[in-house]
Amino acid sequence: MAQLLLLHLIAAASAPWLAKTLHSRAFLVLALVPAVSFGWLVSVAWDVRAGNLPTQRITWVPGLGLDLDFRLTTLSWVLGLLVTGVGALVLLYCRWYFSDRDPTLWRFSSVFIAFAGAMLGLVLTDNLLVLYVFWELTTVFSYLLIGHNPASSTNRRAAMQALLVTTLGGLAMLIGIIALGVHHTYSIAVLLAHPPPLDALTTASVVLLLVGALSKSALVPFHFWLPGAMAAPTPVSAYLHAAAMVKAGIYLVALLAPVFAGAPAWHALTVGLGLFTMLVGGWRALRQHDIKLLLAYGTVSQLGFIVSIAGLGTKASALAALALVIAHALFKSTLFLTVGVVDKCTGTRDLRELSGVGRQLLPVAVPATLAGLSMAGIVPLAGFVSKESALEALWQDVQTSVPLPAPWSWLAVTGVVAGSALTVAYTARFLWGAFATKPGVPPTPVRAAHPGFVLSPLLLGVAGLALGLLAPLESPWLLPYAAQFSVGAEPESLALWHGVTVPLLLSLVSVALGLGLFVQRTVVARVQAGVPPLVDGERGFARALRWVDRGAVEMTAVTQRGSLPIYLAGILLVFVALPGLAALTRGTFPSVRLWDNPGQAVVGLVVVAAAVLVLVTRRRLTAVMLVGATGYGVSLLFILHGAPDLAITQMLVETVSLVVFVLALRRLPTKFTRHPHSPSRTWRIALGAAVGVSVGAIALVASGGRRTEPVSGGFPEEAYAFGHGKNIVNVTLVDIRAWDTLGEVSVLVAAATGIASLIFVRTRNTRLSRATAKELPATDPVRGTWLHGGRTLRTEKRSVIFEVVTRLVFHVMLAASLFLLFAGHNQPGGGFAGGLVAGLALVVRYLAGGRYELDEAAPFDAGLLVGLGLLVVVGSALAPLAFGGTVLETTAVDFTLPPWGEVHLVTSLLFDVGVYLIVVGMMLDIVRSLGTGIDRQIASEDADEEDEADGEERADAEVVSP
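Residues numbered from 1 in each chain as written. Predicted model: local features only at pLDDT ≥ 70, side-chain atom pairs only at ≥ 80, totals over all residues. Heavy atoms only, no water.

Novice: Would you mind showing me how to read the environment of Ala 877 here?
Specialist: Relative to the elements of secondary structure, Ala 877 occurs in helix 37 (residues 862-878). Classification of Ala 877 by relative accessible area gives buried; the value is 3%. For the pair Ala 877 and Lys 797, spaced 80 residues apart in sequence, the C-alpha to C-alpha distance is 47 Å. In contact with Ala 877, not counting residues within four places along its chain, are Val 887 and Leu 888. (Helix = DSSP H or I, 4+ residues; strand = E, 2+ residues; numbered from the N terminus. Buried < 20%, exposed > 50% of the residue type's maximum accessible area, 1.4 Å probe, protein only. Contact = heavy atoms within 4.5 Å.)

Novice: In this structure, what is going on with the confidence of the model for the chain? I would like to understand it.
Specialist: Detailed reading of predicted coordinates is not advised where the pLDDT is low. Considering every residue of the chain, the mean pLDDT works out to 86; 92% of them sit at 70 or more. This model gives residues 761-784 a pLDDT under 50, and the stretch forms 47 contacts once residues within four places in sequence are excluded. (pLDDT = per-residue confidence, 0-100.)

Novice: Sorry if this is basic, but what is going on with the packing of aromatic side chains here?
Specialist: In this description, an aromatic ring pair is defined by two values, namely the gap between the centres and the angle between the planes. According to the stated counting rule, one finds 16 aromatic pairs in the structure shown. Ring centres 5.6 Å apart and planes at 20 degrees place the aromatic pair Phe 27 and Phe 98 in the stacked group. Taken as a pair, Phe 27 in helix 2 (residues 26-30) and Phe 98 in the loop between helix 5 (74-97) and helix 6 (105-124) lie far apart in primary sequence, 71 residues in all. Considering the side-chain rings of Phe 27 and Phe 108, the 6.2 Å spacing of their centres and the 65 degrees angle between planes classify their relative orientation as edge-to-face. (Phe/Tyr/Trp six-rings, centres within 6.5 Å; stacked < 30°, edge-to-face > 60°.)

Novice: Honestly, the pattern of salt bridges in this entry has me stumped. Any pointers?
Specialist: Pairing between side chains of opposite charge can happen when their charged atoms approach one another. Tallied over the full model, the rule gives 9 salt bridges. Between Arg 57 and Asp 69 there is a salt bridge, and its shortest N-O distance comes to 2.7 Å. Taken together, the positions of Arg 57 in strand 1 (residues 55-61) and Asp 69 in strand 2 (residues 66-71) put the pair 12 residues apart, joining distant regions of the chain. Judged by its relative accessible area of 58%, Arg 57 falls in the exposed class. By relative accessible area, which is 9% here, Asp 69 ends up buried. In this structure, Arg 737 engages Asp 740 in a salt bridge whose closest nitrogen and oxygen atoms are separated by 2.6 Å. Taking the relative accessible area as the measure of exposure, Arg 737 reaches 45% and is therefore partly exposed. Classification of Asp 740 by relative accessible area gives partly exposed; the value is 36%. The network of salt bridges with common partners includes Asp 290, Asp 343 and Arg 349. (Salt bridge = Lys/Arg side-chain N within 4 Å of Asp/Glu carboxyl O.)

Next up, the structure:
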């Protein structure tokens, strides 16, 4: 089963290329994917019927007990056949629906086949969490399919409406899934075999699950999104909104019904809302002139009918619900595909303009008529068999008052009869409006349809007829699902004739009433015009969105004042009030030893003094230097604690931070703005002191709350045993906790990109061009040979001593960086420290010779270097898989290399090399952004000022001159 989903994934990834190559013929290739899945489902049909249910498990997150479990039951088998069978025919239909020149072909084909795979995964999975993943995938893919034309505001609005409604229901469902999973199980099989007691928590979970199901299947009050989704192409309507996506909610109801049909509020939400939706949808369908919109409201009505039967919870209703699902998928997909043919061949879907189409499109009119008769419940179509079975299940309930009390049973029967009458009426309206010859309406010009274009609706329409005729053969395949229910008598087999029974009479009554409504359609139209809408969900949705928007604006106005101090104060107050206060009042403080030697006390006092002085200094540069002093003090503490590796890294990071601050300070005033003393300053000081006390208390409580041996206790042995290194810190970074490092270097890449984006609004800063002849003054025989780029600087900005020192130390720093890189596995160092040293070498070149000198030192793009480093990191992580190892597995390679003798290399060195390249690229990006980028801005401003001054001088000269 997982292989089928993988096949859909591969097809979705290949679809854009197929569409570019084969154009609309790509749909013929893609149709083979659901066809193969359909064939597999047919091949295991006897196993499913016999109870030998195919299962599959793929370990995913064993620590959470989360696996990719798949299980094929009778219910999922039926839905799977519909998803794959109808999906294959709809893709075949798309071959002639879309033009080869359609620019959205590549995207539509890919998303459509991906949706088919997600829907198939939804009905096959045996894990509630995985079901939710597929559930939301269908939501996202449907959003993309409905909004396939982003230039159309109608498509965008309909797609967003469907996304918001179904996502809201999905979030409610997720809460119910988590509640069930945490307190019981995530396994669907276990849940059905050993259901939890119907306590308050279980009941609330079931209700939340039903909210998700009802929103997906477009029941009141969520029904309005489905008619809006008709802005999508007709194949989407035929598949998603008839055979597949809207069936997801019905599937969930049918899945839970065997064990939860007796839960409080179950029947109110399923039977009650379902029948109300059936009436609302049928009533609204009679008002539509667009035949596609008419079918959309008819779909809402039919979905309500199916949910009400599926939620009843008896053996007979279970059999009827599955029969209804199959019949509905066949006749409604046929009708939607027919609408597509009519629309393409006539150019309109308005039934007031269509006349005489049936005779000219006879290959379409015949299957459409068969599908319409099935939808209306006319013998001998599948719709008649399923509707009579549903009425039989309701009549049993009337006779036994189980599971619904007698008054509610009669109300349910009345509702189904009334809803069925509306179904007959809008079915007749559809067939008459689409195909009949109307008096006073000129014949509609019709283009001939390609035979392949009508093949899919023809096959589906005939399938509805065949299923009705072969109804007794259908029952044995569906009865295993009905056998799961414990309520009600054994259902009768599906058949065209059970004799003259009450359900048959009720069916005849509904047909007669429906035909009467159609005949008196003018009177019905006048009545409808005078009756307000029963439920105007779309207007309510728009009003709710306005309330949300207004509330968001008001809340933003209150909380987002545009003041950074207020934002920080809010965050810090919460920090002090919650974890800080808890640590002070409920924490256990351990015994504290202030220092191990006097040197630590001295350094600590220096750090504290520097931190205090930062608060009182007025100069920005002084404040930066004091902040740097605190960082260097921390590195000294690392040294005194015997951690040279951490000390080196801390010093290098602090140095880089100072450079970044100093480069940025060039665009800021030299002094802070001095504000007069005020009460707000006093409480800010108090808040700062409270935060400091809270941080100290949390640190002490956390360190004293350790109850078990830390995992790092085994790092020394592990570092040498399978990390093959003596530097525990470096081995931890590139081996033991390499996943963390991989995430951290990804953050570095994002940071480097973000820094460049903040400085360069239009384009990413890349390598500068060489200095032009105009920018290079005549070579100074004394000072012009030290640094090539230095000659572009003004004389007052050059320093011979700095340039000479740079020439001496640059290559030494690069050599030192490489030493730290290659020696880091056994000695202090590593790729991160080595990259910082190399980056600082580039900083020195920039400071000594300017931006063109930096370009001489690093004649390559920073982004390319960062990307190359990330590629090396990921490649070194995945490389062991090619040799039968695991991700990030380390291997030692020992060999003799004259004249150095024995050489000990570790494969994690490649990981460190990638880190080295990323850090160097990030440093180059920082210098080019905050250094050369700001230099350009300053130079541009100076040039503008000079041009302005020259203009003023010329203007003055013109005024003075006679």
